[in-house]
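Remarks on the overall topology
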Amino acid sequence: MDDRRACAEAIEDFAVALRELRNSVGNPPFREMSGRSGAISHTTLHEATKGNRLPSWETTVEFVKACGADPSAYQERWERANRTVRSASAVGPSIRADSSVGTDTLLDRPRDEIVGDIQPLLPPQGSGGRFRLSRTAAIATAAVTIGAVVLVVAVVNRGSTADGSSLNPSAGSPSHVLSPVGCPVRLSNPSPAPPLYKGDRAVFITDVTLPDCTRVGTGTTMTKVWRLENAGTVPWKGYSLRRLDPTQHADQCQTKSNVPIKETQPGEMVDIRTDITTPNVPGLCYVRFKMVDASGTVVFPGSRPVNFQIIVDGR
């Protein structure tokens, strides 16, 4: 069997596994699964089951969790498929694998990245249906890009798992350790939704400290600072960033569960800071937060989480 055919079969086999998992829990709607996740759009979850391309590990984690299952049970299978895809990508220029982990919506926009009140970008559309192992289809499918995206906290990787757990080597298993090879994790958008308060809007400006994939030592405490702009018409009073993975494991980066945001008027920028303590094990630390109001309600349900991604090494 040539590499392209092996790649096509690996992608389809993994898609079958995801379809079987979803079927085993009653085939919940993808929008419902997206709502459970709060980090991945329903279109991305749907795309993962088509067999057109291998989903990112992060997407896999969110998919499996939305079905109430343990992502670690799928890690070895995903890594096996990922190795096959990467091997096929080395065959020639017709097959190219991106260096990052995942295939989700990619947004590289340090100044214009929208944190609130945004419309999600849809992932590239595939041909749909089960994958046919013809030469033409195999070649088309093998043109896979591997990337990822999301604002989450986890070790080993800009994110261990979507729930903040770390993996070995990518993200999302009980070990809660992600792999540095997956940094930066590429973020996708949840299902579109209006802000909690009409006219409210937030724009990400920059990472003041610890930009994505910064390397730091184990057992180290440092300060992460994000700069956001209140680009709407609603004053931010009593707002904070709430960590999406409240259970912080020993092999994850430790932070406050709720990071306060000082009062910010429309048109003003604000620096939001939190201390981070790295674990004693190397890996990718990927942590996500969502902005909430004084009552703890998410104010931008249709936006991507705020996150940091740092590589923890043994130095």
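The structure we're discussing is the one just above.
Residues numbered from 1 in each chain as written. Predicted model: local features only at pLDDT ≥ 70, side-chain atom pairs only at ≥ 80, totals over all residues. Heavy atoms only, no water.

When you line up the elements, Q248 lands in the loop between β4 (240-243) and β5 (258-260). Polar side-chain contacts of Q248 include one of 3.0 Å to the side chain of R243. There is a polar contact of 2.9 Å between the side chain of Q248 and the backbone oxygen of T255. The contact partners of Q248, leaving out residues within four places of it in the chain, are R243, C253, Q254, T255, K256 and S257. (Helix = DSSP H or I, 4+ residues; strand = E, 2+ residues; numbered from the N terminus. Polar contact = N/O pair within 3.5 Å; in protein donor to acceptor, adjacent residues only side chain to side chain. Contact = heavy atoms within 4.5 Å.)

Here the focus is the environment of T49. Assignment of secondary structure puts T49 in the loop between α3 (42-48) and α4 (57-66). For T49 and F14, which are 35 residues apart along the polypeptide, the C-alpha to C-alpha distance reads 8.3 Å.

When you tally the buried positions in strand β1 (residues 202-207), you get 5 out of 6 residues, the bulk of the element. Sheet topology note: the β1/strand β3 (residues 221-230) ladder contains 5 bridges and is antiparallel. Paired with T206 across the two strands is R227, which belongs to β3. (Buried < 20%, exposed > 50% of the residue type's maximum accessible area, 1.4 Å probe, protein only. Pairing = 2+ DSSP bridges.)

Attention now goes to the state of the cysteines. All told, the structure shown has 2 disulfides when counted by the stated rule. One disulfide bridge connects C183 with C213, the sulfur atoms lying 2.2 Å from each other. With the S-S bond torsion at -105 degrees, the cross-link from C183 to C213 turns out left-handed. Here C183 is found in the loop between α6 (135-142) and β1, whereas its partner C213 is found in the loop between β1 and β2 (214-217), with 30 residues between them in sequence. You can call C213 partly exposed: its relative accessible area is 22%. (Disulfide = S-S within 2.5 Å.)

Our next topic: the packing of aromatic side chains. Using the criterion set out here, one finds 5 aromatic pairs in the structure. Plain terms: the ring middles of W57 and W78 are 5.6 Å apart, the flat faces sit at 55 degrees to each other, and that makes the pair tilted. Taken together, the residues W57 in helix α4 and W78 in helix α5 (residues 72-89) connect sequence positions 21 residues apart. Residues W57 and W78 agree in their burial class; the two are buried. Their ring planes at 70 degrees and their centres at 5.5 Å tell us that W226 and F289 sit as a pair that is edge-to-face. A residue pair is termed long-range when its members are at least 10 positions apart, and W226 in strand β3 and F289 in strand β7 (residues 283-292) qualify at 63 residues. Overall, F289 belongs to the buried group, its relative accessible area being 0%. (Phe/Tyr/Trp six-rings, centres within 6.5 Å; stacked < 30°, edge-to-face > 60°.)

With 10 of its 10 residues buried, β7 lies for the most part within the structure. Note: β4 against β7, 4 bridges, orientation antiparallel. Looking at β7, one finds that S240 is bridged to V292. When β7 meets strand β8 (residues 306-313), the two strands line up antiparallel, connected through 7 bridges. Within β8, the residue paired with L284 across the bridge is I311.

With that settled, consider the packing of helix α2 (residues 30-37) against α4. The relative placement of two packed helices is expressed as an angle between their axes plus a distance between the axes. Here α2 crosses α4 at 105 degrees, and the two axes come no closer than 9 Å. Classified by the angle their axes make, α2 and α4 are roughly perpendicular. Contacts between α2 and α4 involve F30, M33, R36 and S37 from the first element and E62, F63 and A66 from the second. In terms of residue class, the contact of α2 with α4 is made up of 4 nonpolar, 1 polar and 2 charged. (Axes fitted to C-alpha atoms, helices over the stretch in contact; angles between N-to-C directions. Parallel < 35°, antiparallel > 145°, perpendicular 65-115°, else oblique. Nonpolar A, V, L, I, M, F, W, Y, C, P; charged D, E, K, R; others polar.)

With that out of the way, let us pick up helix α1 (residues 3-24). For α1, built from 22 residues, the straight-helix expectation of 32 Å at 1.5 Å per residue is met to within 8% by its first-to-last C-alpha distance of 32 Å. Within α1, burial applies to C7, A8, A10, I11, E12, F14, A15, V16, A17, L18, L21 and R22. Directly after α1, the chain includes G26, whose backbone phi takes a positive value near 90 degrees. (Expected span 1.5 Å × (residues − 1).)

Reading across from one edge, β2-β8-β7-β4-β5 is the order of the 5 strands in this open sheet, with mixed pairing throughout. In this open sheet, the two strands that pair with only one neighbour each are β2 and β5. On average, each strand axis in the sheet is inclined to that of its neighbour by 35 degrees, with strand direction left out of account. Relative to β5, β4 runs antiparallel, the two being bridged by 3 bridges. Paired with R242 across the bridge in β5 is N258.

Right, let's talk about the nonpolar core for a bit. Residues W226, L241, M291 and F308 are the most contacted members of the largest nonpolar core, which totals 27 residues. Apart from residues no more than four positions distant in its own chain, M291 is found in contact with A202, L228, W236, Y239, S240, L241, I261, T297, V298, V299 and F300. Of all hydrophobic cores here, the second largest spans 25 residues; its members include L21, I40, A66 and A88. (Core = buried A, V, L, I, M, F, W, Y, C linked by side-chain atoms within 4.5 Å.)

Axis separation between α1 and α4 bottoms out at 9 Å; the angle between their running directions is 20 degrees. Considering their axes alone, α1 and α4 lie roughly parallel with respect to each other. Remark: the crossing between α1 and α4 carries left-handed chirality. On α4, the residues that touch F14, L18, L21 and R22 of α1 are T60, F63 and V64. Broken down by class, the residue content of the contact of α1 with α4 amounts to 5 nonpolar, 1 polar and 1 charged. (Left-handed = near helix turned anticlockwise from the far one by under 90°.)

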